[in-house]
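Below are the chains, spelled out letter by letter.
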Amino acid sequence: MAQEKISHLEELEKASLAKYDISNFTDSKKIALQLLEESYKEQATYYTASAYNLLALNDEAVENYSSAKEKYTKSKDLSLLHNYPRLLMVNYNGLGNVWVLEEKNYKVSEIYYKKALHIADSLNHSFKNDVLINIVWNRLDNNQPQKTADYIGELKKITTNVDKEFSRYNSTLISSAYLLLARYYAQINQHELAEINFDKSIEVLETHPLYEQLSEIYLYRSSYEKSIGKFDKAFFYLEKHISNKNNFINEDLKKRLAVENARYDLKEYERALVSSKREKVLMQDLAKSKSRTSWLYAIISIFLFAILLLIYRENKIKNKLIITLNKRNKQLKKAKKDAEIAAEAKSQFISNISHEIRTPLHGVIGIASLLLESDDTSNTNKKLLNSLKFSGNYLLNLINNILFLNKIDKNKIKVKPEVITLHTFLNNISNAVQFHKEKYNCEVVYKIDPKLPSQIISDSNILYEVLLNLTDNAIKFSKGKVRVEVNQINHTQDKSIIEFKVIDDGVGIPKDKQNIIFDNFSQISIDKSIMEGTGIGLSIVRKLLLLMNSEIKLNSKVDQGSIFSFEIECDNPLKQNVVQDQSFKINPLKEKKIIQVEDNQINRLVVEKFLKDYDVDLNTFGDGQDGLEALIEKEWDIALVDINIPTLNGYEIVTSVRKIHPTKPIIAVTASELSEIKERAIKAGITDVLIKPFSKETLINTISKYLQ
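Values in this document were obtained by computation on a predicted structure and should not be read as measured data.

Brief notes about the overall build of the chain
Right, on to step 1. Counting secondary structure elements, the chain contains 24 helices and twelve strands.
Right, on to step 2. Counting all 708 residues of the chain, 45% fall into the buried class.
Right, on to step 3. Pairs at least 24 residues apart make up 66% of the contacts formed inside the chain by residues separated by at least 6 positions.

See the structure below:
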């Protein structure tokens, strides 16, 4: 076949597609029919298959689905016979479209979409993104989020890998991916992630306004907010939907009129083409249709008038809805205010009660620790003291978890990166779960990837809480073995991506329960004999990881155990900033003068016993005024001052002392949360804070830090 003939067919193909892209379906189909006729004459089967595909695209655009299905099938058969994989891929996708659009037949539609996806994968073709979105849309429309989970990772890739340079295609594709992620997370009740992806979907289209798509997304968002009881937000996004609908309504009317024109013109053209063998006869027949065109314009005018009436009716309904929503909004604002007052009262109660519990706990845990270290304590009593210490630590952990949950809900937790030595960090976790290990007769193995740097930069407090809760949970439900792994996923000069895994051989978690175990106060167990705790540990884990831009993953099978894992991105410390573990080979406290101001006799006793073996000169005062006079008149190296002393509180004591000794270290001792006193402590001139109850090691390390 001559090259010039092939070039001519290629030009016809491109011309038809160009007309289709600007919604000129009449001219697009005329050119496609010309391409079909000439490719038949030249026996150019590829262009014949392409012509049928173009005709099908135009039929689909004007909603003539049965005709589109017929032409897609002809193009598909030719593509299969002569091995045109790209055309075959597009035809399978088109057949998937028309089956769901015409008959809502999701099953047959998905069969064709999967065939298109298989070809796109084998060709490594970007059309894969379009097919993926069609598949996920089908499944979510059919309320099948569980069948959608396998494609969530691919949708996330679309949002990051697609060329972000603006075009209607790119913006629609990226926004659709975010919208589908939002719908998926909404259907599985992961509301934080649903809201994040709704926002991103809207952000893409608001940057380069595409009003029709925006209106659709706002309607989805309004329905979602209504479903979770957030009526003020539902009203807000409903107004956005109506506003954007008004913006594109005129454009939409034009498109509808264009489609109606195209339908009519195409029917007239095809009728004329069948009855005419030459161009002259065709033009004569088309001329006869002019009178029909006049009738068409009359019909279109009536159609336009009907749509205007519809808009008027919608506006009336909208106004009524706005009045109703305004009333509802006032009720919601009042309910919100009442809820905020109740939440503040709850928060204050939790803070007060935790302070009152922590103070005696300091005495219980401290005295138990001292008796355990004593050689005079019998083995029988040591077992009892171990139980007492565990109960105290368990109660302390429960209080800390409740406070943590309260702070997270009030957005008071901030990520504070610092240098972490991984071996020391895991050793601290091991010490914290020691009693649990012995209680459940469980072996815990810690494995650090040798490729990892010895130190990383992250928030040690958040990471500690997450890993401690996961390890405690694994020990409780294991059959005797737990493994904690720290693996390097990726590493550059500046950053590392690290995966933490906690693996147990326990009872496992049923598939239908895995979505709810991260809810507040949720407890799931097949074995009722090990049901204990408050059910907030895993909820804290999920919320803390969200603060670090991570998420908890779960892989579990009944009777085979569970794997909890998460990934975090960490900065690598510069060599000059590497922190060495503190170890005191000599006694830095020897002969140091320490003044303790503490009104609680038991707490005074605990500190005295903690410091007994360190050869310090300790003076203790139970009254605030006496303590202040001693700090002003006596010689001392460091002071321990309780914040809550009835006669003269710690802030007042430190403020007065700073006038005489502006730089000497003064450590505040309190059972309050650090976040509650931090601002006032800094203002008073306090050097550091010890939160009750604290261990002997914590006390010695804190004091030693300021006596080096």
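Next, the rest of the story.
Section: the packing of aromatic side chains
The description of two aromatic rings rests on the distance between their centres and on the angle between their planes.
Right, on to step 1. Scanning the model with the defined rule gives eleven aromatic pairs in all.
Right, on to step 2. Look at Tyr-46 and Tyr-84: their rings are 5.2 Å apart centre to centre, the planes differ by 90°, and that puts the pair in the edge-to-face class. Separated by 38 residues along the polypeptide, Tyr-46 in helix α3 (residues 45–61) and Tyr-84 in the loop between α4 (65–82) and α5 (85–103) bring together distant segments of the chain.
Right, on to step 3. Residue class for Tyr-46 comes out partly exposed when judged on its relative accessible area of 33%.
Right, on to step 4. An aromatic cluster is built from Tyr-46, Tyr-47 and Tyr-84, whose rings are joined through pairwise contacts.
Right, on to step 5. Lying across the ring of Trp-99, Lys-69 places its NZ or CZ 3.9 Å from the centre.
Right, on to step 6. Directly above the ring of Trp-137 sits Arg-183, whose terminal nitrogen or CZ lies 5.6 Å from the centroid.

Brief notes about the environment of Glu-239
Right, on to step 1. Within the element layout of this structure, Glu-239 appears in helix α12 (residues 231–275).
Right, on to step 2. Its relative accessible area of 36% is what places Glu-239 among the partly exposed residues.
Right, on to step 3. Between the C-alpha atoms of Glu-239 and Leu-219, which are 20 residues apart in sequence, the distance is 9.2 Å.

A closer look at the sheet that holds strand β12 (residues 688–691)
Right, on to step 1. Strand order across the open sheet formed by five strands is β9-β8-β10-β11-β12, with parallel pairing between neighbours. Two strands lie at the open edges of the sheet, namely β9 (617–621) and β12, each paired on one side alone. Across this sheet, the average inter-strand angle for adjacent strands is 20°, counted without regard to direction.
Right, on to step 2. Summarising the sheet, strand β8 (residues 593–597) and β9 pair through five bridges and their orientation is parallel. Directly across from Ile-595, in β9, lies its bridge partner Asn-619.

Digging into a nonpolar patch on the surface
Right, on to step 1. A grouping of Ile-367, Leu-371, Ile-602 and Leu-605 is seen on the molecular surface, where their side chains present a nonpolar patch of about 290 Å² in accessible area.
Right, on to step 2. Those elements giving two or more residues to the nonpolar patch turn out to be α14 (290–373) and α20 (601–611).
Right, on to step 3. Its place among the elements puts Leu-371 in helix α14.

Structural notes on the side chain of Ser-109
Right, on to step 1. By the element assignment, Ser-109 lies in helix α6 (residues 106–123).
Right, on to step 2. A relative accessible area of 0% means that Ser-109 is categorised as buried.
Right, on to step 3. Reaching out from Ser-109, the side chain makes a polar contact with the backbone oxygen of Gly-96 at a distance of 2.7 Å.
Right, on to step 4. For Ser-109, the contacting residues outside a window of four places in its chain are Gly-96, Trp-99, Val-100 and Asn-138.

Focus on the packing of helix α22 (residues 650–657) against helix α23 (residues 674–684)
Right, on to step 1. Where α22 contacts α23, the axes come no closer than 9 Å and their chain directions differ by 25°. Put simply, α22 runs roughly parallel to α23. In this structure, α22 uses Tyr-651, Val-654 and Thr-655 to contact α23, whose residues at the interface are Ile-677, Arg-680, Ala-681 and Ala-684.

Quick notes on the environment of Leu-545
Right, on to step 1. One can find Leu-545 in helix α19 (residues 537–547).
Right, on to step 2. Residue Leu-545 is classed as buried on the basis of its relative accessible area of 0%.
Right, on to step 3. Along the sequence, Leu-545 and Val-466 sit 79 residues apart, while their C-alpha atoms lie 7.7 Å from each other.
Right, on to step 4. In contact with Leu-545, not counting residues within four places along its chain, are Val-466, Ser-550, Glu-551, Ile-552 and Phe-566.

Topic: the nonpolar core
Note that soluble globular proteins tend to have their nonpolar side chains buried in a common cluster.
Right, on to step 1. Residues Leu-35, Tyr-72, Val-131, Ile-133, Leu-155, Leu-180 and Tyr-185 are the most contacted members of the largest nonpolar core, which totals 70 residues.
Right, on to step 2. Sort the elements by how many residues they give to this core and helix α9 (residues 168–187) lands first, with eleven residues.
Right, on to step 3. Beyond its immediate sequence surroundings of up to four residues, Leu-180 is in contact with Ile-133, Val-136, Trp-137, Leu-140 and Leu-155.
Right, on to step 4. Judged by nonpolar contacts, the second largest core, of 39 residues, contains Phe-425, Val-433, Leu-470 and Phe-566.

Considerations on the packing of helix α1 (residues 3–21) against helix α2 (residues 25–42)
Right, on to step 1. Put simply, α1 and α2 touch, their axes get as near as 8 Å, and they point 160° apart. Overall, the two elements α1 and α2 adopt an arrangement that is roughly antiparallel. As for how α1 packs across α2, the hand of that crossing is left-handed. Taking contact as the criterion, the partners of Lys-5, His-8, Leu-9, Leu-12, Glu-13, Ala-15, Ser-16, Lys-19 and Tyr-20 in α1 are, on α2, Phe-25, Asp-27, Ser-28, Ile-31, Ala-32, Gln-34, Leu-35, Glu-38, Ser-39 and Glu-42.
Right, on to step 2. Each residue belonging to the contact of α1 with α2 can be placed in one class, and the counts come to eight nonpolar, five polar and six charged.

What to know about unusual backbone geometry
Right, on to step 1. The backbone of Asn-189 shows a phi angle near 65°, a positive value even though the residue is not glycine.
Right, on to step 2. Inspection of the secondary structure assignment puts Asn-189 in the loop between α9 and α10 (191–207).
Right, on to step 3. Positive phi, close to 55°, is recorded for Asn-549, a residue that is not glycine.
Right, on to step 4. Examined against the element boundaries, Asn-549 turns out to sit in the loop between α19 and β6 (553–557).

Quick notes on α4
It helps to recall that an α-helix has 3.6 residues per turn; residues three or four apart then point in one direction.
Right, on to step 1. Taking 1.5 Å as the rise per residue, α4 with 18 residues should run 26 Å; its terminal C-alpha atoms sit 26 Å apart, in good agreement.
Right, on to step 2. Among the residues making up α4, those that are buried are Tyr-65, Ser-67, Ala-68, Lys-69, Lys-71, Tyr-72, Ser-75, Lys-76, Leu-78 and Ser-79.
Right, on to step 3. Where α4 is buried, its residues contact α3 and α5.
Right, on to step 4. Trailing α4 by a residue or two, Asn-83 shows a phi angle of about 60°, which is positive.

Calculation rules
Residues numbered from 1 in each chain as written. Predicted model: local features only at pLDDT ≥ 70, side-chain atom pairs only at ≥ 80, totals over all residues. Heavy atoms only, no water. Helix = DSSP H or I, 4+ residues; strand = E, 2+ residues; numbered from the N terminus. Buried < 20%, exposed > 50% of the residue type's maximum accessible area, 1.4 Å probe, protein only. Contact = heavy atoms within 4.5 Å. Phe/Tyr/Trp six-rings, centres within 6.5 Å; stacked < 30°, edge-to-face > 60°. Lys NZ or Arg CZ within 6 Å of the ring centre and 35° of its normal. Pairing = 2+ DSSP bridges. Axes fitted to C-alpha atoms, helices over the stretch in contact; angles between N-to-C directions. Patch = residues over 30% accessible without salt bridge, like charges linked within 9 Å, V, L, I, M, F, W, Y side chains within 5 Å. Areas by Shrake-Rupley, 256 points an atom, 1.4 Å probe, with all protein chains shown as cover. Salt bridge = Lys/Arg side-chain N within 4 Å of Asp/Glu carboxyl O. Polar contact = N/O pair within 3.5 Å; in protein donor to acceptor, adjacent residues only side chain to side chain. Parallel < 35°, antiparallel > 145°, perpendicular 65-115°, else oblique. Core = buried A, V, L, I, M, F, W, Y, C linked by side-chain atoms within 4.5 Å. Left-handed = near helix turned anticlockwise from the far one by under 90°. Nonpolar A, V, L, I, M, F, W, Y, C, P; charged D, E, K, R; others polar. Expected span 1.5 Å × (residues − 1).

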